[in-house]
Amino acid sequence: MCDSCGCDLTHTHTHDHDHDHKHTHNSQVIEVHKNLLAANDALAAGNRAHFDAKGIVAINLISSPGSGKTTLLEKTIERLKGSIRIGVIEGDIETDRDAQRIRAKGVPVIQLTTGGACHLDAGQIHKGFHLLEHEPGGDQLDILFIENVGNLVCPATFDLGEHQRVVLVSVPEGPDKPSKYPKAFISSQVFVISKTDLLPYFDFPVAEAKADALHLNPRLQVMDLSSTTGEGFDAWIEYLTSLHSKNQQTAA
Amino acid sequence: MHEMSLVQGLIDQLVSLAAEHDKNKILTVTVDIGPLSGVAIDSFQFAFDILSKENSLTNGASLTIINSPATYRCVQCGYEESASVRPDQCLKCKESLLIPEGGDAITLNQVELE
Ligand SMILES: Nc1nc2c(ncn2[C@@H]2O[C@H](COP(=O)(O)OP(=O)(O)O)[C@@H](O)[C@H]2O)c(=O)[nH]1
Ligand SMILES: [Mg+2]
Ligand SMILES: [Zn+2]
Ligand SMILES: [Zn+2]
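For clarity, every value in this text was computed on a predicted model and none was experimentally measured.

**Regarding the coordination of the magnesium ion (ligand 2)**
Residue and element names in this part refer to chain A.
Now for step 1: Distances from the magnesium ion (ligand 2) to its protein donors, namely Thr70 (OG1), Asp98 (OD) and Glu147 (OE), fall within the range 2.0 to 2.1 Å.
Now for step 2: Spacing between the donor residues of the magnesium ion (ligand 2) along their common chain follows T-x27-D-x48-E. Here Glu147 lies in strand S7 (residues 143-147) and Asp98 lies in helix H3 (residues 97-103), a separation of 49 residues in the sequence. With respect to class, Asp98 is no different from Glu147; both count as buried.

This is the structure in structure tokens:
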């Protein structure tokens, strides 16, 4: 119903009252009920199907800038060299410094720069993955890591087609991240507390941070590790190798 | 500010809806932003205010934001509660571990055009 004249909004008519205003209106209400992320989600589903067809496990790494994502990848590549074939898509607002660090480890990598955008989306991953496939070794991968743009908020909203989402918080950032940025923790499968070698210097009650994260998402798998000392790294490597072997079984 | 890119996506959808229905003005838009969508409602509104002015189709359109609740399922007894703010514990058995379901969508519900 139209407020001004009480007409049915979906039909067209002309007012012709005795006062001087004359207008024609022809308004229509449309029920849409379409997810605003539908376009992204469809591309993400396409990416996931493509990864599945190639037997690849895709892992999306999300954290604030500087939590240690690239360092974790460098150490992971060193540890898994020769047993699991890794490829990396790096997302950053500018520069390809992270891709250079990964390339130095001898694995295929593609740098995506978002030119200001605070997150990667599924369309960028679609393009990025095809570029990666043309890098030496890029067409034969077991695990694809996607290092998202450093930001704990925006990337959490965008499905990239990953199988696993891993959220990192480093010890210097403090333990209150799960309650401040719940979406990243609700949508992830794994929570990594990084830089545990710094625990002596920061007030970071590990048990409390774990409990807060589990309170938000009881299904989260929580690990704490240091890329510098290697402490806690075995659980991370075990997580990756078991993902890989489960994936091979389903593919076989 | 991923709200900017979400609103840009919304405006693109409005433009194609208008073309589809042969209309040239958007009057009202209703969007449902779930409490677990990771979207800040104020930022979404702000982005809409700015971006809607950029074309005559959406200039002056009014945005209504609704906030449908999420469902929280108790890991202990399975009781499900709808809420827009996470409950501290299960209403039935007081368990504090609740698994959130739904409430993460950002949906364009309704558009009025002429
Ligand atoms: N002490 C310590 N520093 C680390 C650790 N991991 C990374 N860093 C440092 O943290 C800084 C940011 O790391 P980087 O991997 O680039 O973070 P990203 O922005 O998440 O990719 C660098 O100076 C790293 O050397 C760690 O386990 N312990
Ligand atoms: Mg990095
Ligand atoms: Zn953002
Ligand atoms: Zn219960």
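**Quick notes on the site of ligand 1**
Residue and element names in this part refer to chain A.
Now for step 1: If you check the shell around ligand 1, you find 16 residues, and the closest are Gly66, Lys69, Thr70, Thr71 and Asp197.
Now for step 2: Contact distances for ligand 1 include 3.2 Å between an oxygen atom and a backbone N or O atom of Ser67.
Now for step 3: Between ligand 1 and the protein, one listed contact pairs an oxygen atom with a side-chain N or O atom of Glu147 at 3.1 Å.
Now for step 4: Across the complex, the protein chains shield 70% of the 570 Å² of accessible surface that ligand 1 would expose by itself.
Now for step 5: When the residues that make up the shell around ligand 1 are grouped by side-chain class, the tally is two nonpolar, nine polar and five charged.

**Notes on the packing of aromatic side chains**
All names here are of chain A.
Now for step 1: Considering all chains together, one arrives at four aromatic pairs over all chains under this definition.
Now for step 2: Here the aromatic rings of Phe185 and Phe191 are separated by 5.0 Å at their centres, their planes lie at 90°, and the arrangement is edge-to-face.
Now for step 3: The exposure class assigned to Phe185 is buried, which follows from its relative accessible area of 0%.
Now for step 4: Residue classification places Phe191 among the buried residues on the basis of a relative accessible area of 0%.
Now for step 5: Where Trp236 meets Tyr239, the ring centres are 5.6 Å apart and the plane angle is 35°; that geometry is what we call tilted. Taken as a pair, Trp236 and Tyr239 lie in helix H8 (residues 233-251) at a separation of three residues, close to a single helical turn. Like Tyr239, Trp236 is buried.

Criteria and cut-off values
Residues numbered from 1 in each chain as written. Chains lettered and ligands numbered in written order. Predicted model: local features only at pLDDT ≥ 70, side-chain atom pairs only at ≥ 80, totals over all residues. Heavy atoms only, no water. Donors = N, O, S within 2.8 Å, 3.2 Å for Na, K, Ca; no water. Helix = DSSP H or I, 4+ residues; strand = E, 2+ residues; numbered from the N terminus. Buried < 20%, exposed > 50% of the residue type's maximum accessible area, 1.4 Å probe, protein only. Near = heavy atom within 4 Å. Polar contact = N/O pair within 3.5 Å; in protein donor to acceptor, adjacent residues only side chain to side chain. Areas by Shrake-Rupley, 256 points an atom, 1.4 Å probe, with all protein chains shown as cover. Nonpolar A, V, L, I, M, F, W, Y, C, P; charged D, E, K, R; others polar. Phe/Tyr/Trp six-rings, centres within 6.5 Å; stacked < 30°, edge-to-face > 60°.

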